[in-house]
Structures are given as C-alpha cells and as structure tokens.
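Take a look at the letters that make up each chain.
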Amino acid sequence: MWNHTKITELLGIDYPIMQGPFGGNLSSVELTATVSNAGGLGGYGAYTMSPQEIFDVDKQIKAATNKPYNINLWVSDHDIPQGGLTDDKFAKTIQQYQPYFDEVGIPLPEKPAPFQSRFENQLDVILDIRPKVFSFMFGVPSADVLEECRKKGITTVGAATTLDEAIFLEAAGVDMIIASGFEAGGHRPSFLASAESSLTGTFALVQLMREKIKTPIIAAGGIANGKGVAAALALGADAAQIGTAFLATDESNALPIHREMLFSDAAKYTTLSRAYTGRLGRGITSRIAKDLIGKEENILPFPLQTTLISPLRKAALEQQKWDMILFWGGQISPILKHTKAKDLMHSLIEETTSYFNDLKV
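Parameters at a glance
- Residues numbered from 1 in each chain as written.
- Predicted model: local features only at pLDDT ≥ 70, side-chain atom pairs only at ≥ 80, totals over all residues.
- Heavy atoms only, no water.
- Helix = DSSP H or I, 4+ residues; strand = E, 2+ residues; numbered from the N terminus.
- Rg over C-alpha atoms; globule rule 2.2 N^0.38 Å.
- Contact = heavy atoms within 4.5 Å.
- Areas by Shrake-Rupley, 256 points an atom, 1.4 Å probe, with all protein chains shown as cover.
- Lys, Arg positive; Asp, Glu negative; His and termini not counted.
- Charge placed at Lys NZ, Arg CZ, Asp CG, Glu CD.
- 1 Å grid on protein atoms, 1.4 Å probe; cavity = no way out; pocket = protein on both sides within 12 Å on 5 of 7 lines; lining within 4 Å.
- Points joined across faces, edges and corners; volume = space filled by probe spheres on them.
- Nonpolar A, V, L, I, M, F, W, Y, C, P; charged D, E, K, R; others polar.
- Pairing = 2+ DSSP bridges.
- Core = buried A, V, L, I, M, F, W, Y, C linked by side-chain atoms within 4.5 Å.
- Buried < 20%, exposed > 50% of the residue type's maximum accessible area, 1.4 Å probe, protein only.
- Arc of directions from axis to C-beta.
- Phe/Tyr/Trp six-rings, centres within 6.5 Å; stacked < 30°, edge-to-face > 60°.
- Salt bridge = Lys/Arg side-chain N within 4 Å of Asp/Glu carboxyl O.

> What is the right way to read the overall build of the chain from this model?
Counting its secondary structure elements, the chain contains 14 helices and eleven strands. Over its C-alpha trace the chain gives a radius of gyration of 20 Å, about what one expects of a compact globule, namely 21 Å for 361 residues. If one aligns the C-alpha atoms of the chain with their principal axes, the spans along those axes are about 60 × 45 × 40 Å. Taking the contacts inside the chain whose residues are at least 6 apart along the sequence as the reference set, 69% of them involve residues at least 24 apart. If you sum the accessible surface of the chain, you get close to 15600 Å²; carbon and sulfur atoms cover 51% of it. For the chain, the centre of its 33 positive side-chain charges and the centre of its 40 negative side-chain charges are spaced 2 Å apart.

> Sorry, what's going on with empty space enclosed by the protein here?
Which parts of space are left empty comes out when a probe the size of a water molecule is rolled across the atoms. Applying the stated rule across the entire model yields one cavity of 30 Å³ or more. Taken together, T271, S273, Y276, G281, G283, I284, T285, S286, A289 and L326 make up the lining of the largest cavity. Per-element tally for the lining of the largest cavity: the top contributor is strand β11 (residues 281-284), with three residues. When the residues that make up the lining of the largest cavity are grouped by side-chain class, the tally is four nonpolar, six polar and no charged.

> Can you help me understand the pairing of β11 in this one?
A regular strand places its side chains so that they alternate between the two faces of the sheet. As defined by bridge partners, strand β7 (residues 186-187) adjoins β11 across two bridges and the pair is classed as antiparallel. Paired with G186 across the strands is R282, a residue of β11. Pairing of strand β10 (residues 270-273) with β11, which is carried by four bridges, proceeds in the antiparallel orientation. Opposite T271, over in β11, you have G283 as the bridge partner.

> Would you mind going over the nonpolar core with me for this structure?
Within soluble globular proteins, side chains that are nonpolar generally end up buried alongside one another. Membership of the largest hydrophobic core comes to 94 residues, with the highest contact counts inside it found for Y97, F134, F246 and I288. Per-element tally for this core: the top contributor is helix α13 (residues 304-318), with seven residues. Residues in contact with I288, not counting those within four places in the same chain, are Y97, Y100, A275, Y276, L312, D323 and M324. If you look at the next biggest cluster of nonpolar residues, it comprises 18 residues, including I13, I218, A239 and F302.

> Looking at this model, I keep getting lost on the environment of P256. Mind explaining?
Within the element layout of this structure, P256 appears in helix α11 (residues 256-262). Taking relative accessible area as the criterion, P256 reaches 57% and is therefore assigned exposed. Residues P256 and K6, spaced 250 residues apart in sequence, show a C-alpha to C-alpha distance of 37 Å.

> I keep staring at helix α8 (residues 202-212) and nothing clicks. Help me out?
Structural remark: α-helix, 3.6 residues per turn; residues separated by three or four positions point the same way. For α8, the complete set of buried residues consists of T202, L205, V206 and M209. Projected onto a plane normal to the axis of α8, the buried residues spread over an arc of 100 degrees and lie on a single side. The secondary structure elements touched by the buried residues of α8 are β5 (155-160), α7 (163-172), β6 (176-180), β8 (217-220) and α9 (226-234).

> Got a minute to help me understand the packing of aromatic side chains in this structure?
Geometrically, a pair of aromatic rings is defined through the distance of the ring centres and the angle of the planes. A complete count under the given rule lists nine aromatic pairs for this structure. Grouping aromatic residues by their ring pairs yields a cluster made of Y47, W74, F138 and F302.

> Help me understand unusual backbone geometry, please; the structure alone is not making it clear to me.
Among all residues save glycine, negative phi is the norm, and among peptide bonds the norm is trans. At the junction of F302 and P303, the peptide bond is cis and its omega measures out at -5 degrees in the coordinates. For Q320, which is not a glycine, the phi torsion comes out positive at approximately 55 degrees. For Q320, the position within the fold is in the loop between α13 and α14 (341-360). A relative accessible area of 55% means that Q320 is categorised as exposed.

> Whenever I open this one, the pattern of salt bridges confuses me. Can you help?
Oppositely charged side chains may form a pair once their charged atoms are brought near each other. One pass over the structure, following the stated rule, counts 14 salt bridges. Here R150 ties to E147 by a salt bridge, and the two come within 3.2 Å at their closest N and O atoms. Taken as a pair, R150 and E147 lie in helix α6 (residues 143-151) at a separation of three residues, close to a single helical turn. A relative accessible area of 34% places E147 in the partly exposed class. We note a salt bridge from D238 to R210, for which the minimum N-O separation is 3.3 Å. Residue D238 is located in the loop between α9 and β9 (239-242), and its partner R210 is located in helix α8; the two are separated by 28 residues in the primary sequence. A relative accessible area of 25% means that R210 is categorised as partly exposed. Ionic contacts of the salt-bridge type, sharing partners, join the residues E103, R287, K321 and D323 into one network.

Set out below in structure tokens:
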C-alpha cells in the first residue's frame, strides 16, 4: 500500500501527507488538528511566538487531537549584523519605501528596535511539551539538542534546499529531511549558501537526495493534489508536505482576502522577493516586489524589514490596496480546488489511492 512508508511507520500516522507549518500567525489549532485527525500530520509554525504562547497553543492542540503533530521553529531567526542596524542603512531603506508610505498616507516609521533571538528559549518549551515532531528551518540545532530530542521521543525534521544541505542535515543526525523545492510558497529556508543560489526544483531535489542519503525524505513544493503526492512517492520521497493548498482552506489563519487571492487569477503569477521580510520568499506577485527587483541592497535584514513593512501592510489592507501586500503562495496555486481542510485531505487520499491502483491494472 502506498500509504505504508518509513515515515508513516516512524510517526504512527495513517498517510504520508503532512501539512506545512505556517509561521507569521498563519497557522491555526483547527487546521493542525483537522489534518492530524484525518490521518496525516498537522503542523504549526511557531517561530514568531513567545515560549508562553507556544506552551499555550500546544495545550490547545493536545485538546483538539490525540494524534501526532508537528511544531516548527527557525534555528536562525535573524540576519542582523553584529554591529546592529546603522542609521545610514535605515535612511537608504526609508528613502526607497517612502513613496509607498506616502501613497497610503501614513508617516514613515521609526528605526526598528534591536531584535533579541528567541530560539534558545523556544527550544526549552519544545523539550518540555514534547510534540511528536519538531521541525526546523534555516539550519540545525546543536548535537546536544538533537540528542535530548531523541531521549524524549521527539522526532526531528530539518529542511534542505540543496543536496549539500541534505547531506549536512543527515550528518548532524536529524530523523527526517524535507526536500524544499523553489516552487513552494513562503520563505526559502537555505542555510549553507544564499537562497538565490539554492533554487533546485522539488522533484529534482528528491531524486538527488534519494541517491546520496539514507534519511527518510519529505517532498515539499509544487504539491497540491493526489497526483503530486504519488509523483513524490514514486521518485523516492517517504512523504509529501503540502503548504499552499492547506493555507487556502477556511481552517487556516490566513485572512479571507489572502485565501481569496489564492483562488484568483492573480495566483498564476508568483515572485521570489526579499522586499517584505528581508529574507527570500515566494508569494503572489505584488507591485512592490516588482518595483524592487535589483534593488535588494537597500532592504533591511530579517526581521527588521518585517517591522518596517508592518504599518504599510496594515494601511494597505484597510484601503484594499491588494497589489501592495505580500500574499504568500506557491507556484501550484492555480490548481487549488478545496476550501475545507477535511475535503482536501479526503481528496488527496482518494486521488493518490486511485493513481496507484491504476498502476496495478
């Protein structure tokens, strides 16, 4: 049976279908629980949350499902240089973004306050609450942390955008590795080289990894239906992680206009840009992303760029200037069909089963 893989066996789930753990307040307890209760692995992105918020949301997830689920953090949660943000750098950025602030009629923001990494404190909570799966991006935790996870029965999952990153993660001893193709929506989790030089497609990356590593592989990027799941498994993946299709469902915490945009003609066009957060990520093409192509040197380091953009985003939403807003989404968006997570899960299972049954005929 197609649904019996190394990953379903290791995690105790019915189907090798995983929901992408969305950061930036886009995850929800309802979506995580719905996917897990349907036999997949729900996911919750927690990199922006305080330790107490992670503890509280984990309690809510445990109340909503007794099935395995995944909590995701970012190992490297900022790109701010040791000397901090200079006044000169901020002035150049403000000059570049001033026309947009003028357009929505709000004052230019003050220089963002220094950012303190949260990862170490967040880790303490993960080790305390013990989710079945702890996934991470932008690097790998220390050997001591991975060993502690093993002792506590927490399965670790790292994200690779290149074969080199996959080999690095395997050598570190993670339990599973995501093959994160450039088709995917959201941030590119590259950590050994620049994100711009780490743009391998999902199915090429799965095959490269299958040849060179033994760790179970999770395909992610450009998968939104049963045919995509079947293709990933046929090429050597042990599971498929689906992001944009679940983000578009009513159960996600995406704004209604975000979900609406993912089903619109605009979703045919996506762009990789640093213009909104300071890190490279894929979303529906916006005017700002197009305007700033080739001008990335005046974008603030992550997450200070997010702080800068926040009031602009709020004003643009209020004024319905949709072309100024970043709506995360992957290249597969134009084939999305389902607005209910349960229906999407049923469709994924039925289509994948049908595909493999047809192969036997």
